[in-house]
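# Observations on the three-dimensional arrangement
In case you want the letters, here they are:
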Amino acid sequence: MTVYIDLLFINNFAADAALLYCAVKTVKGDAKLWRIALVALLGAVLGTGYSVFRLYFKLPAPLDFFIKYAVAALLPLLAAAFKKKRTYALCSLAFAGYMFAFAGMLTAIFAKFETGGEGSVSYTYETLPSGLLVLGAVAFSFGAVRLVRALSKRRRVVSLVCPCKLYFKGKEFSAKGFFDTGNRLTTRAGKPVAVADRSLVLRLMEDSLFSGNTPCEKVRVRTVNGDAEMNVFSVDKLEIYCGRGVNIIENAAIGVSRERLGEYDLILPHAFAEDACGKGRSQ
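These remarks concern the structure in this document.

Procedures and definitions
Residues numbered from 1 in each chain as written. Predicted model: local features only at pLDDT ≥ 70, side-chain atom pairs only at ≥ 80, totals over all residues. Heavy atoms only, no water. Helix = DSSP H or I, 4+ residues; strand = E, 2+ residues; numbered from the N terminus. Expected span 1.5 Å × (residues − 1). Buried < 20%, exposed > 50% of the residue type's maximum accessible area, 1.4 Å probe, protein only. Contact = heavy atoms within 4.5 Å. Salt bridge = Lys/Arg side-chain N within 4 Å of Asp/Glu carboxyl O. Patch = residues over 30% accessible without salt bridge, like charges linked within 9 Å, V, L, I, M, F, W, Y side chains within 5 Å. Areas by Shrake-Rupley, 256 points an atom, 1.4 Å probe, with all protein chains shown as cover. Axes fitted to C-alpha atoms, helices over the stretch in contact; angles between N-to-C directions. Parallel < 35°, antiparallel > 145°, perpendicular 65-115°, else oblique. Nonpolar A, V, L, I, M, F, W, Y, C, P; charged D, E, K, R; others polar. Phe/Tyr/Trp six-rings, centres within 6.5 Å; stacked < 30°, edge-to-face > 60°. Lys NZ or Arg CZ within 6 Å of the ring centre and 35° of its normal. Pairing = 2+ DSSP bridges.

This part takes up helix H2 (residues 33-56). Residues that lie three or four places apart on an α-helix share one face, since the helix turns once every 3.6 residues. The end-to-end C-alpha distance of H2, which contains 24 residues, comes to 35 Å, matching closely the 34 Å that a straight helix rising 1.5 Å per residue would cover. When H2 is considered as a whole, its buried residues turn out to be Ile36, Val39, Ala40, Gly43, Ala44, Thr48 and Tyr50. Considering only its buried residues, H2 is in contact with helix H1 (5-26) and helix H3 (61-79).

Within the element layout of this structure, aspartate 64 appears in helix H3. The residues contacting aspartate 64, other than those within four sequence positions of it, are Tyr50 and Arg54.

Next up on the list: the pattern of salt bridges. For side chains of opposite charge, pairing can occur when their charged atoms come near one another. Taken as a whole and assessed by the stated rule, the structure comprises seven salt bridges. Glutamate 172 is paired through a salt bridge with lysine 165; the nearest N and O atoms lie 3.4 Å apart. Relative accessible area serves as the criterion here: at 26%, lysine 165 is assigned to the partly exposed category. Each member of the salt-bridge network shares a partner with another, and the members are Arg54, Asp64 and Lys68.

The subject of this paragraph is a nonpolar patch on the surface. On the surface, Trp34, Leu38, Leu41 and Val45 cluster together into a nonpolar patch covering about 410 Å² of accessible area. With respect to the helices, strands and loops of the structure, tryptophan 34 is situated in helix H2. Under the relative-accessibility criterion, tryptophan 34 is labelled exposed at 55%.

What follows covers the packing of H2 against H3. Packing of H2 against H3 leaves a shortest axis separation of 9 Å and a crossing angle of 170°. When the interaxial angle is binned, H2 and H3 end up roughly antiparallel. Contact with H2, carried on its side by Arg35, Ile36, Val39, Leu42, Gly43, Leu46, Tyr50 and Arg54, involves Asp64, Ile67, Lys68, Val71, Leu75, Leu78 and Ala79 of H3 and no other residues of that element. Considering only residue class, the contact of H2 with H3 consists of ten nonpolar, one polar and four charged.

Turning our eyes to something else, we now look at the packing of aromatic side chains. Note on aromatic pairs: each is described by the distance of the centres and the angle between the planes. Taken as a whole and assessed by the stated rule, the structure comprises three aromatic pairs. For the pair tyrosine 50 and phenylalanine 53, a centre-to-centre distance of 6.3 Å together with 20° between the ring planes defines the contact as stacked. Placement of the pair is tyrosine 50 and phenylalanine 53 together in helix H2, with a separation of three residues, close to one helical turn. According to the relative accessible area criterion, tyrosine 50 is buried, its value standing at 16%. Under the relative-accessibility criterion, phenylalanine 53 is labelled partly exposed at 34%. Centroid distance phenylalanine 178 to tyrosine 264: 4.8 Å. Interplanar angle 20°. Geometry classified as stacked. Placement of the pair is phenylalanine 178 in strand E4 (residues 171-180) and tyrosine 264 in the loop between strand E8 (245-256) and strand E9 (266-269), with a sequence separation of 86 residues. Each member of the pair, phenylalanine 178 together with tyrosine 264, is buried. Within the aromatic cluster, the residues linked to one another by ring pairs are Tyr50, Phe53 and Phe57. In this structure, lysine 237 is placed above the aromatic ring of tyrosine 167, and the distance from its NZ or CZ to the ring centre is 4.6 Å.

Take the pairing of strand E3 (residues 161-168) next. Here eight bridges tie E3 to E4, and the two strands are oriented antiparallel to one another. Following the sheet pairing, tyrosine 167 is matched in E4 by glutamate 172. Between the end of E3 and the start of E4, which pair antiparallel, lie two residues, with lysine 169 showing a positive phi angle near 50°.

This is the structure in C-alpha cells:
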C-alpha cells in the first residue's frame with residue numbers, strides 16, 4: 001500500500017476545515033477563518049501522524065476508537081469562542097454529525113463492497129485526484145451551512161405562527177395566525193388591526209355582515225398596486241395562543257383582506273405579539 005503524505009495532509013486539512021466551519025456556524029459561533037484554519041492544521045497534523053503510526057503499529061480496537069473520537073471531540077472546542085458552556089458540547093456534537101455525514105457520503109460515492117471470500121472494500125476510483133476531494137469538502141461545507149440557515153429560518157417562521165380563536169355574537173371560530181412585523185395598520189382611534197382572510201370573515205359574520213347592523217370602518221392601506229381601502233370590523237374577542245400563554249384582546253379590530261392570505265387565516269399586528277408569547281395577559 002502506497003501512502004502519499006502530502007495528499008493525505010491536504011485532504012485531512014480540507015475536510016477538518018470544512019467540517020469545523022459547518023459545526024461553528026450551526027451553533028451560531030463566531031466563525032473566524034484564521035482560527036478554524038489553525039485548528040484544522042492541528043487536526044491534519046494529528047490525523048496524518050496517526051495514520052502513518054498505524055501503518056507500523058497496531059493498537060487495540062477500544063484504544064484506537066478512543067483516540068480517534070477524543071481528538072474529534074476536542075478539535076471543535078478550539079475552533080471558536082462561545083458565550084455559553086453548553087454550546088461547546090453542541091459544537092462537538094455538530095462536528096461529529098457532519099463528520100459521519102461526510103464520511104458516509106464519500107463511502108456511498110466511491111466505495112464498493114465485495115461479498116466474496118472474507119469480504120473487502122475496494123474503491124470505484126483508485127486514482128481520484130486529491131483536489132477533487134478538497135473541492136468536495138468545500139462544497140459540502142457551503143451546502144451544509146445553507147441547509148442549516150434554511151432550517152433556522154423555517155423554525156423562526158413556525159415560531160411566529162400561533163393558533164387563534166375569534167368570538168362574535170356567540171360564534172367561535174379557530175384560525176391560524178401569523179405575526180407580521182410589517183402589519184402596522186391601525187384604526188382612527190389607534191387600535192391595531194388584524195387582517196383576516198375574507199372567507200374567515202364571511203363564516204364568522206355571515207348573519208350580520210350584510211344586514212347593516214355591524215359597524216364598519218374604512219382604513220386606508222398601501223399595497224403594491226397603490227392605495228386602497230380596507231373594511232374593518234370589531235369582534236367580541238380574539239384569543240392568541242403561544243406556548244402556555246394566551247393573549248386576549250377584547251373588541252379586536254379585524255380587517256378584511258382583498259386577497260387570499262394563503263396558508264394563514266389572520267395576519268396579526270406586531271403589537272399583539274408583545275403579550276401573546278410572554279405573560280399572556282389580557283388587554
